[in-house]
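Structural overview for review
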Amino acid sequence: MKIRFIDAEAPPASRILENLAAGHGDHPLDRYLKKGRIPHIWCSGCGNGILLTAFVKAMEKGNFDTKKTVVVSGIGCIGRAAGYLDLDTYHTTHGRAIPFATGLKLANPKLNVVVISGDGDLFAIGGNHFIHAARRNVDITLICSNNFNYGMTGGQGGPTTPLESKTTTTPYGCSEHPFNLVYLAKASGAVYVARWTALHTHELRDSIIHSVNKPGFCFVEAITPCPTAHGRRNKLGDGLSMMKSYRDNSVLTTELDPEDTAIGLKGKIAVGEFVNIDKPTFMDMYDECAICRANAPKKSKKS
Amino acid sequence: MSSKAVRTGAHFMSGDEACAEGGMAAGCSFFAGYPITPATEVAERMSIRLPQVGGVYIQMEDEIASMAAIIGASCAGAKAMTSTSGPGFSLMMENIGLAAMMEVPCVVVNIQRGGPSTGLPTLVGQQDVMQCRWGSHGDYEVIALSPESPQEAFELTIEAFNLSEKYRTPVVLLSDEVVGHMTEKVIIPDSKKIKTLSRKLPKKKPENFIPYAHEEDDVPPMAIAGEGYHVHATGLTHDELGYPAINADAQERLVQRLIRKIRNHAEEIIRTEDAFLDDAEIIVVSYGCSARAAREVVETARASGMKIGMIRLITLWPFCEKKIAELAALERVKKFVVCEINAGQIAYEVERCAGGKAETILAGFMGGRIFTPEELYRVVREAAE
Ligand SMILES: Cc1ncc(C[n+]2csc(CCOP(=O)(O)OP(=O)(O)O)c2C)c(N)n1
Ligand code: SF4
């Protein structure tokens, strides 16, 4: 077979780098973003930008080592967050950010590995990876933008969609019971579990700093408005109205058992830190059980 | 010299164990896998060996996760591998495509068993050859190697790592249950005699580095996480900076290069073992465990005066197109007899490359055992008549 591909020539390096920095630096937080990546893809009123800002503020306040901090995401609207950050960033396949991050972290334990992804990505297609990474206590931080639906694909129902909630695939109202992510994370073994809404920017920032610094599997759930899909179909108003409802309905608590923190379509949202315990990480245990024993001097049989 | 990673000396070991030792000798420091017959022994051996050199063995929750984990580990700079068999290989397809798209070196071992589905967990098949070539969606090229003995499983696993590092691509060691489970003498050479390769690293400073810039050989240097390059890697179609670029131009530039970087080097990658091709009129083409029976048949037929030759495929992909086409074009070459344990996979390639100039005959069956020399001899005799 004779193959004649249509011509495709790469631009010269000089042209690729040219103009990349245009406008970069106009905002003080630009130094945490990759050049040439803004504007972002998110809708106006979307909470993902707030979450990204909370992360960037955490980098600033927490003085993260940008050389050693790596962000991994899956696929979805929030999955694009990784690509904006001026760090080593990986945008993987749908649901697979956690095992990818596990490989990164275990191959180089000096890295601070953070996963930022969506509720569909992490808890439907990637649900199995979530519970196992939490069980193993792999030392990574997980930040979930929970907007109660699949934003990227146009607003279908998913594992966090509240009962009765309307989505493009639950046109009569969702008839499935959703996950309560706080409860799931605790039960799976996470050492730190917090939930905030996009309104709680300072708390989100501080929970992210705490998680990155804390050894073990840490989970931060951020309730995020998706006015375009979930908000619109459930008459929750625009982004601002959704933020107002977070203000009116959030209940800060440390008392509640994670089991009692489920979220409905309307009504109260329990926020706060629900778990903060210490437990040896995967690597601590692996070093102790595998590496040390594999390299221990052999005992002689006689004695 | 023997070292913790390289167990120099003569051993009696299975193909699966030899494969693990090959990984160790190649410098593998990360293994993620999920148990599955007949590949479990690769993982078991790695769980003993990797902690001895400070490497990481992890049993993941499934093969999807295993594949994702080795890609992540490779992005952090490790030489990483996984092993599986048919059902797990199916699950790995998604992220094999990711490794091809992000250009992340890694090694996937598939000890083939009979399929489809759960099929024959403990018995042989060679039915994953086309899945290996085309299994993940979209256009990409793969490299796949097929050992015929434990010794070769050792050597080709090292080769698989070297090729994956050189071309920044996933490489499959496509073995089979018989080679995986047979135990033979394996000689592990002095560690100094083992050639290992590592990926090209960026020479430019981070501010001038273009992660997917087009290089002469179409293989860009790879920046490792944690080195300050702040690269972005994505499974989306991306531009030279690695940024998502959902347009036809970027798709053309990227995917053509991914294909070119293997196709333009195919002649360097392809390896076969040829016998009696100088005067052969009938040429047997085989690989893996089937090649062992085929060789015996060719030698017997030759002794009885038949003008028969043999090509043993060491690389299955890229396929040795040129060799088959050139042989088929010769007046004297009448037939190719392809011996493989499937309903025809490499046979289609041979037929395609022969281009109607020589006939292709498939000697195949559905698996569960190897060819007996007698039944294969019958096929060859019929071909000669
Ligand atoms: C294997 C696979 N199945 C389906 C898709 C299509 N898909 C892309 S994003 C997405 C859902 C993302 O939802 P979520 O994780 O909640 O993120 P959001 O877009 O809401 O931020 C789906 C189903 C895909 N990319 N890959
Ligand atoms: S669809 Fe929803 S989640 Fe996606 S960018 Fe728009 S508002 Fe945000």
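Treat the numbers as computed from the prediction; the structure is a model and nothing was measured.

Per the secondary structure count, chain B includes 13 helices and 16 strands. A compact globule built from 385 residues should have a C-alpha radius of gyration of about 21 Å, and chain B, at 21 Å, falls within 12% of that. Considering only residue pairs separated by 6 or more positions, chain B has 76% of its internal contacts joining residues 24 or more positions apart. Element-wise, carbon and sulfur atoms account for 51% of the exposed surface of chain B, whose accessible area totals about 13,700 Å².

Right, let's talk about the confidence of the model for chain B for a bit. Per-residue confidence for chain B gives a mean pLDDT of 97, with 100% of residues at or over 70. Across the interface, the model reports ipTM at 0.97; the global pTM reads 0.98.

Moving on to the sheet that holds strand 8 (residues 269-276) of chain A. Reading across from one edge, 7(A)-8(A)-5(A)-6(A)-4(A)-3(A)-1(A)-2(A)-10(B) is the order of the nine strands in this open sheet, with mixed pairing throughout. Each of the sheet's edge strands pairs with one partner strand only, and the pair in question is strand 7 (250-252) of chain A together with strand 10 (232-234) of chain B. Across the sheet, the mean angle from the axis of one strand to that of its neighbour is 20°, orientation sign disregarded. The pairing of strand 5 (residues 192-197) of chain A with strand 8 of chain A spans four bridges and is classified as antiparallel. Across the sheet, A:Tyr192 pairs through a bridge with A:Asn276, a residue of strand 8 of chain A. The strands touched by helix 2 (residues 48-61) of chain A are strand 1 (69-73), strand 3 (112-118), strand 4 (140-146) and strand 6 (218-223) of chain A; relative to strand 4 of chain A, the strand with the most contacts, the crossing angle is about 155°.

The next subject is helix 12 (residues 346-354) of chain B. Residue and element names in this part refer to chain B. Within helix 12 the residues assigned to the buried category are Ile346, Ala347, Glu349, Val350, Cys353 and Ala354. Projected down its long axis, helix 12 shows its buried positions confined to an angular sector of 160°, all on one face. Positive phi shows up at Gly355, right after helix 12, with a value of about 55°.

In the vicinity of ligand 2, the contacting residues are A:Trp42, A:Cys43, A:Cys46, A:Asn48, A:Cys77, A:Asn147, A:Gly151, A:Cys226, A:Pro227 and A:Thr228. Its residues assigned to classes, the shell around ligand 2 comprises six nonpolar, four polar and no charged.

All names here are of chain B. Where burial is concerned, most of strand 5 (residues 106-114) is hidden: nine out of the nine residues are buried. Note: strand 4 (residues 80-84) against strand 5, four bridges, orientation parallel. Bridging from a neighbouring strand, Ser83 pairs with Val109 of strand 5. What joins strand 4 to strand 5 is helix 4 (residues 86-102), and the crossover it makes is right-handed. Pairing of strand 5 with strand 8 (residues 170-176) involves seven bridges; the strand directions are parallel. Across the sheet, residue Gln112 finds its bridge partner in strand 8, namely Asp176. Relative to strand 6 (residues 120-124), strand 5 runs antiparallel, the two being bridged by two bridges. Paired with Arg113 across the bridge in strand 6 is Val124. Linking two consecutive strands that pair antiparallel, namely strand 5 and strand 6, is a turn of five residues; a positive phi of about 55° is found at Ser117 within it.

All right, on to the interface of chain B and chain A then. Where interface size is quoted, it is often the accessible area lost as the parts come together. The interface of chain B with chain A comprises 54 residues on the first partner and 51 residues on the second. In this assembly, chain B packs against chain A so that about 4,200 Å² is buried in total across both faces, 64% of it on carbon and sulfur atoms. Sorting the residues of chain B by area buried against chain A places B:Glu61, B:His230 and B:Tyr243 first, and these three jointly supply 16% of that buried surface. As a salt-bridge pair, A:Arg96 and B:Glu94 come within 2.7 Å of each other at their nearest N and O atoms. Summed over the shared surface of chain B and chain A, the result is 23 residue pairs in polar contact (both at pLDDT 80 or more). A breakdown of the residues in the side of chain B that touches chain A according to their chemical character gives 29 nonpolar, 15 polar and 10 charged. Looking at chain direction, strand 2 (residues 88-91) of chain A and strand 10 of chain B are connected through three bridges and run parallel. The residue of strand 10 of chain B that forms the bridge with A:Thr89 is B:His232.

All names here are of chain B. Counted according to the given criterion, the structure contains 35 salt bridges over all chains. Here Glu375 makes a salt bridge to Arg369, at a shortest N to O gap of 2.8 Å. On the accessibility criterion, Arg369 (39% relative accessible area) is partly exposed. Where salt bridges share partners, they join Glu148, Glu152, Glu273, Arg295 and Arg312 into one cluster.

Inspection of the secondary structure assignment puts B:Thr360 in strand 16 (residues 359-364). Along the chain, B:Thr360 and B:Val129 lie 231 residues apart, while their C-alpha atoms are 18 Å from each other.

Residue and element names in this part refer to chain B. Per the domain assignment, the segments making up chain B are domain 1 (9-193) and domain 2 (273-384). On a C-alpha basis, the centroid separation for the pair domain 1 and domain 2 is 27 Å. In this assembly, domain 1 packs against domain 2 so that about 2,100 Å² is buried in total across both faces, 55% of it on carbon and sulfur atoms. Across the pair Glu152 and Arg312 runs a salt bridge, and its minimum N-O distance is 2.8 Å. Residue assignment for the side of domain 1 that touches domain 2 shows that the elements contributing at least two residues are strand 6, helix 5 (129-134), strand 7 (143-145), helix 6 (150-167), strand 8 and helix 7 (177-181). Ranked by residues supplied to the side of domain 1 that touches domain 2, first place goes to helix 5 with four residues. Grouping the constituent residues of the side of domain 1 that touches domain 2 by class yields 16 nonpolar, five polar and six charged.

The subject of this paragraph is the site of ligand 1. All names here are of chain A. If you check the shell around ligand 1, you find 16 residues, and the closest are Cys77, Gly120, Asp121, Gly151 and Met152. Between Gly120 and ligand 1, the recorded distance is 2.9 Å, taken from a backbone N or O atom to an oxygen atom. At 3.1 Å from an oxygen atom of ligand 1 is found a main-chain nitrogen or oxygen belonging to Asn149. Broken down by element, the shell around ligand 1 gets its largest block of residues, four residues, from helix 5 (residues 119-125). Class assignment for the residues of the shell around ligand 1 results in six nonpolar, eight polar and two charged.

All names here are of chain B. Overall, mixed pairing links the five strands, which are arranged 11-13-12-15-16 in an open sheet. Bordering the open sheet on either side are strand 11 (272-275) and strand 16, each of which pairs with just one other strand. In this sheet, adjacent strand axes meet at a mean angle of 20° when their direction is disregarded. Of the strand pairs in this sheet, strand 15 (residues 335-340) and strand 16 are connected by six bridges, and their pairing is parallel. From the neighbouring strand, Phe336 faces strand 16, where its bridge partner is Thr360.

To continue, consider unusual backbone geometry. Look at the link from B:Thr37 to B:Pro38: it is a cis peptide, with omega at 0°. Structurally, the position occupied by B:Pro38 is in the loop between strand 2 (30-33) and helix 2 (40-52). Cis peptide bonds are those with omega within 30 degrees of zero, and the linkage from B:Trp317 to B:Pro318 qualifies with -5°. Along the chain, B:Pro318 turns up in the loop between strand 14 (315-317) and helix 11 (321-329). With a phi close to 55°, A:Lys235 is a non-glycine residue in the positive phi region. Its location among the elements puts A:Lys235 in the loop between helix 9 (227-233) and helix 10 (239-249). With a phi angle near 50°, B:His230 is a residue other than glycine that sits in the positive phi range. Here B:His230 is to be found in the loop between strand 9 (183-188) and strand 10.

Thresholds, definitions, all that
- Residues numbered from 1 in each chain as written.
- Chains lettered and ligands numbered in written order.
- Predicted model: local features only at pLDDT ≥ 70, side-chain atom pairs only at ≥ 80, totals over all residues.
- Heavy atoms only, no water.
- Helix = DSSP H or I, 4+ residues; strand = E, 2+ residues; numbered from the N terminus.
- Rg over C-alpha atoms; globule rule 2.2 N^0.38 Å.
- Contact = heavy atoms within 4.5 Å.
- Areas by Shrake-Rupley, 256 points an atom, 1.4 Å probe, with all protein chains shown as cover.
- pLDDT = per-residue confidence, 0-100.
- Pairing = 2+ DSSP bridges.
- Axes fitted to C-alpha atoms, helices over the stretch in contact; angles between N-to-C directions.
- Buried < 20%, exposed > 50% of the residue type's maximum accessible area, 1.4 Å probe, protein only.
- Arc of directions from axis to C-beta.
- Near = heavy atom within 4 Å.
- Nonpolar A, V, L, I, M, F, W, Y, C, P; charged D, E, K, R; others polar.
- Right-handed = clockwise from strand over helix to strand, strands pointing away.
- Buried area = accessible area lost by both parts, 1.4 Å probe.
- Salt bridge = Lys/Arg side-chain N within 4 Å of Asp/Glu carboxyl O.
- Polar contact = N/O pair within 3.5 Å; in protein donor to acceptor, adjacent residues only side chain to side chain.
- Domains from an automatic or database assignment.

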